[in-house]
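# A closer look at the structure
Residue strings, one per chain:
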Amino acid sequence: MPRNRFSTALQFSALGLIWGASFLFMKVALEGVSFGQVAWTRLVLGALTLAVLLVVTRTRLPKGRAVYLHFIVIGAFGCAIPFLLFAWAEQYVTSGLASIYNAVTPITTALMVTLAFRVERLGRDRVLGVVAGIIGVVIIIGPWTFLTALGSDAGAGGSAGAAHGDLLLELAGQLACLGSAICYGFTFGYIRRFITNRHPVTGLTAAFLQVGMGAAILLVLTPFVAVGPISLEPQVVGSLLVLGIAGTGVAYYWYMKVLNDWGPTATSTVTYLTPVVGVALGILLLGETLTWNAPVGAALVFLGILLAQGRLRLPQRRTKSAGAEAG
């Protein structure tokens, strides 16, 4: 048992490191390939890695058409779309900022499982957590920065127009990152609603079906997404291999094993580790910088996660009857 606990803790730590570093690897990979090629390669390599693990462990795939139809949706919203959005966004935002947006996933999950799929209820603390998370996202985006820049450059020449274009692309990149977090939240809600109790599958099988369906979708869309010039420098090839084999293949396998050993609440704390790793690597290796609003907004998002997941509870109001009895 101690050895199993140590193994699970080691896999959890490795998850935080590899998923946090994935934003750095995406940034480096974009130096030689297009954003669509990054997502395409990542998913295909990840699916092949998980397929090998299925064969090695002799894991059988489920029977029945319904479960595969559900996993087409899960593969689209849990892998294909967010991988494309994150890769596209990192053309215009830093890897560290993208990793912070990834940490918004528990907030979007709370919204989806309660408002869209209605598999949970929002109590007072969870509502406050979601509100805090939304305010944190607004602070991270920093809309005043864009408004101030656009206002100060009003009436200026062509250089100002180019600067406006860069600002709009940066804003679009941030919204794309937020869209990825919304896709992840939708996926978790969908799994709770249609898979968990209706079509239970093993962790490795679920990981393979999710990544595999995502890869199949992008394979079908190859003429549209896997296009653009290619420059396969060593750092680009290395980043793609790590993203696909480790970050999408092995990491999903680790995630399912930790989820099985620790449960969803403890496993979800990996959310706190990935942005720390992502920001640190972006600053140390890529020379990225963060404005004050990104860490402040991230702190509010983390506070919202603590409330939304029930890890932090606000004191309950004492009723009048309780007050009378105390008196």
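Before reading on, note that the structure itself is shown above.
Overview of the structure. (Residues numbered from 1 in each chain as written. Predicted model: local features only at pLDDT ≥ 70, side-chain atom pairs only at ≥ 80, totals over all residues. Heavy atoms only, no water.)

Running from N to C, helix α4 (residues 95-102) and helix α13 (residues 270-286) point in directions that differ by 175°, and their axes come no closer than 8 Å. Considering their axes alone, α4 and α13 lie roughly antiparallel with respect to each other. Residues Ser-95, Gly-96, Ser-99, Ile-100 and Asn-102 of α4 form the contact with α13, whose own contacting residues are Thr-274, Pro-275, Gly-278, Val-279, Gly-282 and Leu-286. Of the residues assigned to the contact of α4 with α13, the class counts are four nonpolar, seven polar and no charged. (Axes fitted to C-alpha atoms, helices over the stretch in contact; angles between N-to-C directions. Helix = DSSP H or I, 4+ residues; strand = E, 2+ residues; numbered from the N terminus. Parallel < 35°, antiparallel > 145°, perpendicular 65-115°, else oblique. Contact = heavy atoms within 4.5 Å. Nonpolar A, V, L, I, M, F, W, Y, C, P; charged D, E, K, R; others polar.)

On to a nonpolar patch on the surface, then. A cluster of nonpolar side chains, namely Ile-230, Leu-232, Val-237, Leu-241 and Ile-245, defines an oily patch on the protein surface of about 430 Å² accessible area. Judged by relative accessible area, Ile-245 falls into the partly exposed class, the value being 36%. (Patch = residues over 30% accessible without salt bridge, like charges linked within 9 Å, V, L, I, M, F, W, Y side chains within 5 Å. Areas by Shrake-Rupley, 256 points an atom, 1.4 Å probe, with all protein chains shown as cover. Salt bridge = Lys/Arg side-chain N within 4 Å of Asp/Glu carboxyl O. Buried < 20%, exposed > 50% of the residue type's maximum accessible area, 1.4 Å probe, protein only.)

Once that is clear, we can look at the environment of Leu-243. Here Leu-243 shows up in helix α11 (residues 234-262). Each C-alpha atom of the pair Leu-243 and Val-113 lies 29 Å from the other, and the pair is 130 residues apart in sequence. When neighbours within four sequence positions are excluded, Leu-243 is seen to be in contact with Ser-22, Phe-25, Met-26, Val-38, Arg-42 and Thr-248.

As a rule of thumb, non-glycine residues mostly have phi less than zero, and peptide bonds are mostly trans rather than cis. In this structure, Arg-58 is a non-glycine residue whose phi angle is positive, near 55°. For Arg-58, the location among the structural elements is in the loop between α2 (35-57) and α3 (65-89). Of note, the phi angle at Arg-118 is positive, near 55°, even though the residue is not glycine. Secondary-structure assignment places Arg-118 in the loop between α5 (105-116) and α6 (124-141).

This part takes up the side chain of Ser-239. Inspection of the secondary structure assignment puts Ser-239 in helix α11. Ser-239 sits in the buried class, given a relative accessible area of 4%. Contact partners of Ser-239, with chain neighbours within four places excluded, come to Phe-25, Val-28 and Ala-29.

Now for the packing of α3 against helix α9 (residues 203-220). Angle between the axes and distance between the axes: these two values describe a pair of packed helices. Packing of α3 against α9 brings their axes to within 7 Å, and their N-to-C directions diverge by 65°. One element, α3, and the other, α9, form an angle in the roughly perpendicular class. Seen from above, α3 lies across α9 with right-handed handedness. Taken together, the residues of α9 that come into contact with α3 (itself represented by Tyr-68, Phe-71, Ile-72, Ile-74, Gly-75, Ala-76, Gly-78, Cys-79, Ala-80 and Leu-84) are Ala-206, Leu-209, Gln-210, Val-211, Met-213, Gly-214, Ile-217 and Leu-218. Residue composition of the contact of α3 with α9, grouped by class: 14 nonpolar, four polar and no charged. (Left-handed = near helix turned anticlockwise from the far one by under 90°.)

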